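Chain by chain, the residues:
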Amino acid sequence: MADELIPETPETESEEPIKQRKNGLYPGVSDELAENMQSGWADTELRDLKPVEQAAETARRRAALSARFPGERLVIPAGNLKTRSNDTEYAFRSSVEYAYLTGNQTEDGVLVLEPAGEGHTATIYLLPRSDRANGEFWLDGQGELWVGRRHSLAESESLYGIPAADVRELARKLAEATGPVRVVRGYDAGIEAALTDKVTAERDEELRVFLSELRLVKDAFEIGELQKAVDSTVRGFEDVVKVLDKAEATSERYIEGTFFLRARVEGNDIGYGSICAAGPHACTLHWVRNDGPVRSGDLLLLDAGVETHTLYTADVTRTLPVNGRYSELQRKVYDAVYEAQEAGIAAVRPGAKYRDFHDAAQRVLAEKLVEWGLVEGPVERVLELGLQRRWTLHGTGHMLGMDVHDCAVARTETYVDGVLEPGMVLTVEPGLYFQADDLTVPEEYRGVGVRIEDDILVTEDGNRNLSAGLPRRSDEVEAWMAALKG
């Protein structure tokens, strides 16, 4: 990684000093070099940009937001870069609320809806192109010669269909503003500080909850993006199966890296930390260390999803026999989870209660546990007391979208206690997990963990499995793996 210069740049009263690195190799910048760097650059303004694909959808979303909060100033930040260590930053990911309403994903951006008549006027506040006059573009650690070109304000207006302004002026404007204001908290401390005497936590939470609930029903663009994410994820799972021999020679990290390659080539990133859990690690729900051995005869629980360039993520799980064939006990547990998932998916339809798919899957699993003698029946008693949860552990699914656990701050009455509608997308993911140290089950069960997860779209007449490209039935999984291994 290159070492930044240490500039000695003139400052005006309105300019922030360019951040300097303590131990850079250059003591300063000569007047001659500073003058030289200001000129001789081609005009790179992009003048024929077309709006981003979702521009019409983001406009409709802003209109819905405007209608919900008439007469109030609404402030939705993208967020800032976060330091990983010393002077390196984590890769930036915009706040979901901001990206959902604008289509933009750049750090420090802020969407502001100003009351106007019966509605609002929207402005997207962004950093303009790096300043060449004061040397920022080549001297500052976030200058364009260091991190790449950013769009001009005029270009951003063309792309996002929203008037654009310099974000460096926004904090002052907000501090001077009057009238009711709401802000989405937790992303931009500077913006929140400018509004500290104008907002309340309760009112801001109402804004955040509304934006979460607005995403419960996906539009056609979102459904298309989720299908893209799933299709790439299917290919990522195929990639993994083809290299299981290399994973056996190394560790779960080989699986993690293999899937990550597909995510970066075809999408923006992984949607969440990949769970590449071999053997007893499959019983750890969020096993993301991925540093364990991969052994023939064990199961591999792979829970992973590609995130598209527009930040929509898949969330798919398959539990695969590392050697391509389930043992008798592994098949018994796997087929029970498959049967539970089938019951859960069948319960996904418009007008059904959100909880129905969970209840349907849990009933099947409870029946199996009673049948196997692992818990004392009857089944109704087991379900009433939640005794199956020792081995099922988690809920059977969640909403899916720009967050892997999407719409998480929606009100309980509109989410968990709500009713399914066409356009909702959710996961159905029952599992059975027999911990390696669980003395309440026969030894042969211990260390066996199985989860099967698919991404389900609620349609007008039922549902559609977006991840149907991956086999689920145990015999189909074995045939699919054999074909991929060639």
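Above this text you will find the structure in question.
Described in the following lines is the structure provided in the data block. Fair warning: this is a prediction, and the values are worked out from it, not measured in the lab.

**Focus on the packing of aromatic side chains**
Right, on to step 1. Applying the stated criterion across every chain, the model contains nine aromatic pairs.
Right, on to step 2. With centroids separated by 5.8 Å and ring planes inclined at 85°, the aromatic side chains of Phe-69 and Phe-210 adopt a geometry described as edge-to-face. Remark: Phe-210 occurs in helix H9 (residues 201–214) and Phe-69 occurs in the loop between helix H2 (55–68) and strand S1 (73–77); sequence separation between them is 141 residues.
Right, on to step 3. Residue Phe-69 is classed as buried on the basis of its relative accessible area of 0%.
Right, on to step 4. Look at Phe-210 and you get buried, because its relative accessible area is 17%.
Right, on to step 5. Aromatic ring contacts, followed pair by pair, group Tyr-354, Phe-357 and Tyr-415 into a single cluster.
Right, on to step 6. In this arrangement the basic side chain of Arg-132 is found over the ring face of Trp-41, its NZ or CZ atom lying 5.0 Å from the centre.
Right, on to step 7. Stacked on the ring of Phe-137, the Lys or Arg Arg-132 has its end atom at 4.4 Å from the ring centre.

**Quick notes on the packing of H2 against H9**
Right, on to step 1. In contact at an axis separation of 11 Å, H2 and H9 are set at 140° when each is read in the N-to-C sense. By the angle between their directions, the pair H2 and H9 is classed as oblique. Taken as a pair, H2 and H9 cross one another with a handedness that is right-handed. Within the contact between the two elements, H2 uses Arg-61, Ala-64, Leu-65 and Arg-68 and H9 uses Leu-207, Phe-210, Leu-211 and Leu-214.
Right, on to step 2. Classifying every residue of the contact of H2 with H9 gives six nonpolar, no polar and two charged.

**Quick look at the sheet that holds strand S17 (residues 462–465)**
Right, on to step 1. Spatial ordering of the open sheet is given by S13-S16-S17, a layout of three strands whose pairing is antiparallel. Pairing within the sheet leaves two strands with one partner each, and these edge strands are strand S13 (425–428) and S17. Adjacent strand axes in the sheet meet at a mean angle of 40°, parallel and antiparallel pairs treated alike.
Right, on to step 2. Strand direction decides the pairing type here: S13 and strand S16 (residues 454–459), joined by four bridges, are antiparallel. What sits directly across from Val-425, in S16, is Leu-457.
Right, on to step 3. On the sheet, helix H13 (residues 328–346) packs against S13, S16 and S17 and is oriented at approximately 155° with respect to S13.

**Quick notes on the nonpolar core**
Right, on to step 1. Membership of the largest hydrophobic core comes to 87 residues, with the highest contact counts inside it found for Leu-65, Ile-76, Ile-255, Val-333, Trp-372, Leu-432 and Phe-434.
Right, on to step 2. With nine residues, the single largest contributor to this core is helix H10 (residues 220–242).
Right, on to step 3. When we break this core down by domain, the ones giving at least three residues each are domain 1 (47–214) and domain 2 (220–485).
Right, on to step 4. With near-sequence residues (within four places) excluded, Leu-432 lies in contact with Val-333, Ala-336, Val-337, Leu-365, Leu-369, Trp-372, Trp-391, Thr-392, Val-448, Gly-449 and Val-450.

**Things to note about helix H12 (residues 252–266)**
Right, on to step 1. Between its first and last C-alpha atoms H12 spans 22 Å; for 15 residues at 1.5 Å apiece the expected length is 21 Å, and the two agree.
Right, on to step 2. For H12, the complete set of buried residues consists of Glu-252, Ile-255, Thr-258, Phe-259 and Ala-263. The buried residues of H12 occupy an angular sector of 135° when projected down its axis, which confines them to one face. Of the residues in H12, the exposed ones pointing more than 90 degrees away from the buried face are Leu-261 and Val-265.
Right, on to step 3. Regarding H12, its N-cap is Ser-251, as a side-chain oxygen of that residue lies 3.0 Å from the backbone nitrogen of Arg-253 further along.

**Here's the deal with the side chain of Glu-222**
Right, on to step 1. Looking at the secondary structure, you find Glu-222 in helix H10.
Right, on to step 2. Given the relative accessible area of 1%, Glu-222 is considered buried.
Right, on to step 3. A distance of 2.8 Å separates polar atoms of two side chains, one belonging to Glu-222 and the other to Tyr-312.
Right, on to step 4. Not counting chain neighbours up to four residues away, the residues in contact with Glu-222 comprise Arg-61, Tyr-100, Val-217 and Tyr-312.

**Focus: the environment of Gly-462**
Right, on to step 1. Looking at where Gly-462 falls in the secondary structure, it is placed in strand S17.
Right, on to step 2. Between the C-alpha atoms of Gly-462 and Ala-175, which are 287 residues apart in sequence, the distance is 50 Å.
Right, on to step 3. Look past the residues within four positions of Gly-462 in its chain and what remains in contact with it is Val-348, Arg-349, Pro-350 and Leu-457.

**Here's the deal with the environment of Ile-345**
Right, on to step 1. Residue placement: Ile-345 occurs in helix H13.
Right, on to step 2. Between the C-alpha atom of Ile-345 and that of Leu-466, which follows or precedes it by 121 residues, the distance is 12 Å.
Right, on to step 3. Discounting residues that sit within four places of it in the chain, Ile-345 has contacts with Val-428, Ile-456, Asn-463 and Arg-472.

What counts, and at which threshold
Position labels on residues start from 1 in each chain and follow its written sequence. For a predicted model such as this one, the threshold for reporting local features is a pLDDT of at least 70, and the threshold for listing and counting side-chain atom pairs is 80 or more; totals across whole chains, interfaces and linings nevertheless cover every residue. To get the side-chain values, take all heavy atoms of the structure and skip hydrogens and water. In this scheme Phe, Tyr and Trp rings, the latter by its six-membered ring, pair at centre separations within 6.5 Å, and the angle between planes marks the pair as stacked below 30 degrees, edge-to-face above 60, and tilted otherwise. A run of H or I in DSSP counts as a helix once it spans at least four residues, and a run of E counts as a strand once it spans at least two, with each numbered from the N terminus. Each residue gets one of three labels from its accessible area relative to the maximum for its type: buried under 20%, exposed over 50%, partly exposed in between, using a 1.4 Å probe on protein chains only. A ring has a charge above it when a Lys NZ or an Arg CZ is no more than 6 Å from the ring centre and no more than 35 degrees off the ring normal. Orientation is described by axes fitted as lines to C-alpha atoms, over the contacting stretch for helices, and by angles from 0 to 180 degrees between their N-to-C directions. Here is the rule for angles: anything less than 35 degrees is roughly parallel, anything more than 145 is roughly antiparallel, 65 through 115 is roughly perpendicular, and the remaining ranges are oblique. Each helix crossing is assigned a hand: it is left-handed if the near helix lies turned anticlockwise from the far helix by less than a right angle, otherwise right-handed if that turn is clockwise. By the convention used here, residues are in contact when the closest approach between their heavy atoms is within 4.5 Å. Amino acids are sorted into nonpolar (Ala, Val, Leu, Ile, Met, Phe, Trp, Tyr, Cys and Pro), charged (Asp, Glu, Lys and Arg) and polar (every other residue, Gly among them). Strands pair, by our definition, only if DSSP identifies at least two bridges between them. The criterion is simple. A nonpolar core is a set of buried Ala, Val, Leu, Ile, Met, Phe, Trp, Tyr and Cys residues joined through side-chain atoms within 4.5 Å. All the domain ranges listed were derived from an automatic or database domain assignment. Helix span is expected to be 1.5 Å times the residue number reduced by one. This arc describes the spread of directions from the helix axis toward the C-beta atoms. Two N or O atoms form a polar contact when they lie within 3.5 Å of each other; inside protein one atom must be a possible hydrogen donor and the other a possible acceptor, and for residues adjacent in sequence the pair counts only when both atoms belong to side chains.

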